[in-house]
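What follows is the residue order along each chain.
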Amino acid sequence: MEMDSRKQKILEAVVLDYIETAEPVGSRTISKKYNLGVSSATIRNEMADLEEMGLIEQPHTSAGRIPSDAGYRYYVDYLMAQSDIQEEAKQLISKAIHEKQQQVGDVLRDSMKMLADITNCTTVMMLDNNKSSALQLLQLLLVEPGKALMVIITEGDKIENRFLEIPKTMTKEDLELVSMMMNQNLRGLKVGDWQHNILENIFQNLTRQRQVVDCALEMLSSILNLEGRDKKIYLDGGLNMLSQPEFKDVNKVKNLLQSLEQQEVLTQLMEADNESGITVKIGAETGLDEVKDCSVIVANYKVNGETVGKVGLIGPTRMDYATAVSMLNAMTQTLEEAYKEKNREGFL
């Protein structure tokens, strides 16, 4: 949609003023506050054009104008400037990581709360565990005749322990040999990468220990896939909606909060079209009638270049998009850096 610079400035003024005040914006307000160098009458004419274009609307007779969903979309796509809060946010998150020496999982939860507090929106974190983890190390230890302990270390230095029933004739040396062969052939691989020739090589070299190998492979496969069985979704700041003027109606906010308790709703909201950056869904773009008065901003969260989850903000369509986008960028970037630095257990 082509638009001259004057209309762009007036639309930006309407959006910014409405975000700040939650009150319809009139031509006189724009003339006084935004120094556009034109008269109130000219601004009024331009606003009439913007209304015809579907970018602003009049909520009721004799009121000023408010942005439409299309107006917010144009603002986000073409007019929005980056907020200065990004570096400040990165410093706050980094401080929590380095000074408190927290586990990354704790930092993640603290960062979600900080994100909700600063933006006055609801924060959503979805860890996408649809992919199995890769094996980093496997060790079989003899506990007693007929029983072994299998220690498995997967991506991110996550540790899993399982007991195995083994033939009572199996020795410590047998288990060490099985561990060595499985590490040589399977280290760094996910279950889907276990090719037939790899498994055949293990079986050929461990004929006498075949029973142990079968049991260990079955349990290893289960553990690596279990990590990717479900999506984990976390919420913070749900009650922030109560402070928004758009949700003064108790029934309205009640229905919204009930919707946000449903995993299928959150999963759909957190779908991100932009794999490498930020996705902004405004009003009806969410595809859900329950949240038609809301916008959702989602950022993919990556570890070593692979998307492992998403961080999102849910708020009214009148949300401060510049601050929200800046905060999400800061959070994902800093947490990615934190993961590389800390690489602690229990992060994913």
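Residues numbered from 1 in each chain as written. Predicted model: local features only at pLDDT ≥ 70, side-chain atom pairs only at ≥ 80, totals over all residues. Heavy atoms only, no water.

Asks: Kindly report on the overall build of the protein, identifying the contributing residues and their values.
Replies: Within the protein one finds 12 helices and 10 strands. The contacts of the protein with a sequence gap of at least 6 include a subset with a gap of at least 24, amounting to 63%. For the protein, the exposed area adds up to about 17300 Å²; of that, 45% sits on carbon and sulfur atoms. (Helix = DSSP H or I, 4+ residues; strand = E, 2+ residues; numbered from the N terminus. Contact = heavy atoms within 4.5 Å. Areas by Shrake-Rupley, 256 points an atom, 1.4 Å probe, with all protein chains shown as cover.)

Asks: Requested: an account of helix 7 (residues 172-186), with residues and values cited.
Replies: With 15 residues, helix 7 should reach 21 Å at 1.5 Å per residue; the first-to-last C-alpha distance of 21 Å fits that figure. Those residues of helix 7 that fall on the buried side of the exposure criterion are Asp174, Leu175, Val178, Ser179, Met181, Met182, Asn183, Asn185 and Leu186. Positive phi shows up at Gly188, right after helix 7, with a value of about 85°. (Expected span 1.5 Å × (residues − 1). Buried < 20%, exposed > 50% of the residue type's maximum accessible area, 1.4 Å probe, protein only.)

Asks: Let's hear about the nonpolar core: which residues, and what values?
Replies: If you look at the biggest cluster of nonpolar residues, it comprises 50 residues, and the most contacted ones within it are Leu11, Ile30, Val280, Ile297, Tyr321 and Leu328. Of all the elements, helix 12 (residues 321-342) adds the most residues to this core, at nine residues. Excluding anything up to four places from it in sequence, Leu11 contacts Met3, Leu50, Leu55, Ile56, Gly71, Tyr74 and Leu79. Leu164, Met170, Ile202 and Leu217 belong to the second largest nonpolar core, which has 26 residues in total. (Core = buried A, V, L, I, M, F, W, Y, C linked by side-chain atoms within 4.5 Å.)

Asks: Please give an account of the environment of Thr29 that cites residues and values.
Replies: Residue placement: Thr29 occurs in helix 2 (residues 27-34). Judged by relative accessible area, Thr29 falls into the partly exposed class, the value being 30%. In sequence terms Thr29 and Gly64 are 35 residues apart; their C-alpha atoms lie 9.4 Å from each other. When neighbours within four sequence positions are excluded, Thr29 is seen to be in contact with Asp17 and Tyr34.

Asks: Got a sec to walk through the packing of helix 1 (residues 5-21) against helix 3 (residues 40-52)? Specific residues and values, please.
Replies: The contact between helix 1 and helix 3 brings their axes to 10 Å, and the two run at 85°. Here helix 3 runs roughly perpendicular to helix 1, going by the angle between their axes. Residue-level inspection shows Arg6, Lys7, Ile10, Leu11 and Val14 of helix 1 in contact with helix 3, the latter providing Thr42, Ile43, Glu46, Met47, Asp49 and Leu50. Of the residues assigned to the contact of helix 1 with helix 3, the class counts are six nonpolar, one polar and four charged. (Axes fitted to C-alpha atoms, helices over the stretch in contact; angles between N-to-C directions. Parallel < 35°, antiparallel > 145°, perpendicular 65-115°, else oblique. Nonpolar A, V, L, I, M, F, W, Y, C, P; charged D, E, K, R; others polar.)

Asks: Tell me about the sheet that holds strand 4 (residues 135-144), residues and numbers included.
Replies: One open sheet accounts for three strands, arranged 4-5-6; its pairing is antiparallel. At either margin of the open sheet sits one strand with a lone partner, and together these are strand 4 and strand 6 (158-165). Going from strand to strand, the sheet's axes swing by 20° on average, the running direction of each strand aside. The sheet contact formed by strand 5 (residues 147-154) and strand 6 spans eight bridges and is antiparallel. Residue pairing across strands places Thr154 opposite Lys158, the latter belonging to strand 6. (Pairing = 2+ DSSP bridges.)

Asks: Outline the packing of aromatic side chains, listing residues and values.
Replies: Here the structure, examined in full by the defined rule, presents two aromatic pairs. Plain terms: the ring middles of Tyr74 and Tyr78 are 4.7 Å apart, the flat faces sit at 45° to each other, and that makes the pair tilted. With Tyr74 and Tyr78 both in helix 4 (residues 69-79) and four residues apart, the pair spans about one turn of that helix. For Tyr78, a relative accessible area of 56% puts it in the exposed group. (Phe/Tyr/Trp six-rings, centres within 6.5 Å; stacked < 30°, edge-to-face > 60°.)

Asks: Which residues make up the pattern of salt bridges, and what are the values?
Replies: It is possible for side chains bearing opposite charge to pair when their charged atoms get close. Inspection of every chain in the model, using the stated rule, returns 17 salt bridges. The partner of Arg208 in a salt bridge is Asp174, and the shortest N-O contact between them spans 2.5 Å. With Arg208 in the loop between helix 8 (196-205) and helix 9 (210-226) and Asp174 in helix 7, this pair connects stretches of sequence that are 34 residues apart. Between Glu246 and Arg318 there is a salt bridge; the shortest N-O distance is 2.5 Å. On the criterion of sequence distance, the pair formed by Glu246 in the loop between strand 7 (232-236) and helix 10 (250-260) and Arg318 in the loop between strand 10 (306-316) and helix 12 is long-range, its members being 72 residues apart. For the pair Glu246 and Arg318, one class covers both residues: buried. Look at the salt bridges and you will find they share partners, linking Asp4, Arg6, Lys7, Glu46 and Asp49 into a network. (Salt bridge = Lys/Arg side-chain N within 4 Å of Asp/Glu carboxyl O.)

Asks: Describe the side chain of Lys7, and please don't skip the residues or the numbers.
Replies: Structurally, Lys7 can be placed in helix 1. Apart from residues no more than four positions distant in its own chain, Lys7 is found in contact with Glu46, Asp49, Leu50 and Met53.

Asks: So, the packing of helix 7 against helix 8: which residues are in play, and what are the values?
Replies: Two numbers describe how helix 7 lies on helix 8: the axes approach to 10 Å, and their chain directions differ by 160°. In terms of axis orientation, helix 7 runs roughly antiparallel to helix 8. Pair helix 7 / helix 8 crosses with right-handed handedness. When helix 7 is examined against helix 8, the residues Met181, Asn185 and Leu186 are found in contact with a partner set consisting of Ile198, Asn201, Ile202 and Asn205. Its residues assigned to classes, the contact of helix 7 with helix 8 shows four nonpolar, three polar and no charged. (Left-handed = near helix turned anticlockwise from the far one by under 90°.)

Geometric values such as these leave the question of function open.
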